[in-house]
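The primary structure of each chain is shown beneath.
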Protein chains: 2
Amino acid sequence: MIRGVLLDLAGVVYEGDHVLPGAVEAVHRLHEAGLPIRFVTNTTTKTKKELVSRLTGLGLEITGEELFTPGQAARTWLAKHDASPLLLVHPNLEKEFADTCDGPARAVVVGDAGREFSYENMNRAFRELIDGAAFLALAKNRTFMDDDGKLSLDAGAFVTALEYSSGKEAIVLGKPSPDFFEAALASMDCGPEDAVMVGDDAESDVAGALKAGLTQAILVRTGKYRDRDEHRFEPSPTAMAEDLPAAADWILDHRAV
Amino acid sequence: MIRGVLLDLAGVVYEGDHVLPGAVEAVHRLHEAGLPIRFVTNTTTKTKKELVSRLTGLGLEITGEELFTPGQAARTWLAKHDASPLLLVHPNLEKEFADTCDGPARAVVVGDAGREFSYENMNRAFRELIDGAAFLALAKNRTFMDDDGKLSLDAGAFVTALEYSSGKEAIVLGKPSPDFFEAALASMDCGPEDAVMVGDDAESDVAGALKAGLTQAILVRTGKYRDRDEHRFEPSPTAMAEDLPAAADWILDHRAV
């Protein structure tokens, strides 16, 4: 029985500049039913504040407290380890780290840097890594649905590149990190056995959530979903849904009463 | 007993703009002893013709017939498979592919593209791969010794990035591909059991050659060599040498008489 809901954002709630059909109403129905929601996104091209402001502008019911981003997880990590970051992130995200500490330890932080993934920037990060810096990946997604409707290279490609040459494994802070799912669940006082995750990424959202201990994870056929994705990664989704409204129907049918 | 010699170039014979101390004379001594030599390089920032011309300019005894490059192996592959290339290589290497075929099949060819490893070029290659193109890697080296004396990211990082996101494994044409070593050995009519490889890369040169069936592989402590590299990869080198002159001494002591 479901007592808490984790929702992915890009490809589930919105895509590019628009909200997906029925998504605003689906979130509203879940809220109305008294189900706590946390939005768990690997999007790293906007600060948390900008993302909330943009989504409320599109009519979505979302508060800062409901949104979990890898940028936020990275800030926590840096503060805890007294480390100053070398950022290889999207220019929009740099201000998220404006007031991070200036500690003696160093950490390379890689997000979806987009056009900032130049050879020069990648090599600078590589040299910091072999000189002893810690290695934080905001996410390790393979692909994302680009604005032109085709798949594009996501940050995971560049994280893997740096891992290969430095011999260092990145600490992944966003999905599918169990810590990330657990932090979101803890904030709504919900155990993994009572929660459901909804996403369009069979690996990072669905398999990730199930590996983190959730017993339910729904794969939607929107966003980056491609035919047969449900068979590509283990564990496979516990349910399939056409889109978020259909997933909301399933959740409302299975909610704790 | 040694009847044929495979030599790596960068970090063994030359570095940046200069020949390493004693290297020219070491090659001369091997030639004088009647030992056939093949230079097997993963360098992909120059055409084969330019490389021969540059090295002879530095005083090295080397002919086109003695030099094996991954670019040459890629041309052979493309012709055999009637495929036209999408090149993600160093601008200098593009002319090596000027007259390759215009066949219906497509192949992404990744070399050490240097500053051409932009997000845009990487994403173009990624999209060709998921649209069905074959995937050729001229090399998959992790690092190289850069002109400033520090290690830098080599092509292998970007090959691995594309493998991760496309789900396709690259066909590696240069070292440590057994085909590459075998082609070089065949051209001098030498079996792998009678040959020795000399290189500064414990993985690609040394472990690669031993996996390809050579019984002897010498790791030199020049170029990209770092302390304890001889313990980092399996199989480990059968001998260590300070530099190419010392390796030549070893080879001359072990040559077939």
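Everything quoted here is computed from the prediction, not taken from an experiment.

Looking now at the pairing of strand β13 (residues 216–220) of chain B. Residues and elements named next belong to chain B. Of all five residues making up β13, four are buried, and the element is well covered by its neighbours. Bridge count between strand β12 (residues 195–199) and β13: four bridges; the pairing is parallel. Each residue of the ladder has a partner; that of Met197, found in β13, is Ala217. With helix α7 (residues 202–211) bridging β12 and the parallel β13, this β-α-β connection has right-handed handedness. The pairing of β13 with strand β14 (residues 239–241) spans three bridges and is classified as parallel.

Looking now at the interface of chain B and chain A. In this assembly, 30 residues from chain B lie in contact with 30 residues from chain A. With both chains or domains summed, chain B and chain A bury close to 2,600 Å², and 59% of this area falls on carbon and sulfur atoms. It is Tyr119, Leu153 and Tyr164 of chain B in chain B that bury the most area against chain A; as a group they hold 33% of the surface buried on that side. Counting across the chain B and chain A interface gives six salt bridges. Measuring nitrogen to oxygen at the nearest pair gives 3.9 Å for the salt bridge that ties Asp146 of chain B to Arg127 of chain A. Where chain B touches chain A, the interface holds 18 residue pairs in polar contact (both at pLDDT 80 or more). When contributions to the side of chain B that touches chain A are tallied by element, the ones reaching two or more residues are α4 (119–130), β9 (143–145), β10 (151–153) and α5 (155–166) of chain B. The leading source of residues in the side of chain B that touches chain A is α5 of chain B, at eight residues. When its residues are assigned to classes, the side of chain B that touches chain A shows 13 nonpolar, nine polar and eight charged.

Moving on: the sheet that holds strand β14 (residues 239–241) of chain A. Residue and element names in this part refer to chain A. Strand order in the open sheet formed by six strands is β5-β4-β1-β12-β13-β14, with parallel pairing between adjacent strands. Of all strands in the sheet, those bounded by a partner on one side alone are β5 (67–68) and β14. On top of the sheet, helix α8 (residues 244–253) reaches β1 (4–7), β12 (195–199), β13 (216–220) and β14; it is set at about 155 degrees to β13, its chief contact.

As a further point, take the sheet that holds strand β8 (residues 134–137) of chain B. Residue and element names in this part refer to chain B. Ordered by their spatial adjacency, four strands build an open sheet running β6-β7-β8-β11, and the pairing between neighbours is parallel. Pairing within the sheet leaves two strands with one partner each, and these edge strands are β6 (83–88) and β11 (171–172). Sheet topology places β6 next to strand β7 (residues 105–110); six bridges connect them, and they run parallel. Its bridge partner being in β7, Leu87 is matched across the sheet by Val109. Packed onto the sheet, α5 meets β6, β7 and β8 and runs at close to 160 degrees relative to β8.

Before going further, it helps to examine the packing of helix α5 (residues 155–166) of chain A against α5 of chain B. Interhelical geometry of α5 of chain A versus α5 of chain B gives an angle of 135 degrees and a closest axis separation of 8 Å. The pairing of α5 of chain A with α5 of chain B is recorded here as oblique in orientation. In the packing of α5 of chain A onto α5 of chain B, the handedness of the crossing is right-handed. Where α5 of chain A abuts α5 of chain B, its residues Gly156, Ala157, Thr160, Ala161, Tyr164 and Ser165 of chain A lie against Gly156, Ala157, Thr160, Ala161, Tyr164 and Ser165 of chain B. Its residues assigned to classes, the contact of α5 of chain A with α5 of chain B comprises six nonpolar, six polar and no charged.

In this section: α8 of chain A. Residues and elements named next belong to chain A. With seven of its ten residues buried, α8 lies for the most part within the structure. All buried positions along α8 are accounted for by Leu244, Pro245, Ala247, Ala248, Trp250, Ile251 and Leu252. Among the structural elements, β1, α1 (23–32), β12, β13 and β14 are those in contact with the buried residues of α8. Sitting at the amino-terminal end of α8 is Asp243, which places a side-chain oxygen 3.1 Å from the backbone nitrogen of Ala246.

Reading the values: rules and limits
Residues numbered from 1 in each chain as written. Chains lettered and ligands numbered in written order. Predicted model: local features only at pLDDT ≥ 70, side-chain atom pairs only at ≥ 80, totals over all residues. Heavy atoms only, no water. Buried < 20%, exposed > 50% of the residue type's maximum accessible area, 1.4 Å probe, protein only. Helix = DSSP H or I, 4+ residues; strand = E, 2+ residues; numbered from the N terminus. Pairing = 2+ DSSP bridges. Right-handed = clockwise from strand over helix to strand, strands pointing away. Contact = heavy atoms within 4.5 Å. Buried area = accessible area lost by both parts, 1.4 Å probe. Salt bridge = Lys/Arg side-chain N within 4 Å of Asp/Glu carboxyl O. Polar contact = N/O pair within 3.5 Å; in protein donor to acceptor, adjacent residues only side chain to side chain. Nonpolar A, V, L, I, M, F, W, Y, C, P; charged D, E, K, R; others polar. Axes fitted to C-alpha atoms, helices over the stretch in contact; angles between N-to-C directions. Parallel < 35°, antiparallel > 145°, perpendicular 65-115°, else oblique. Left-handed = near helix turned anticlockwise from the far one by under 90°.

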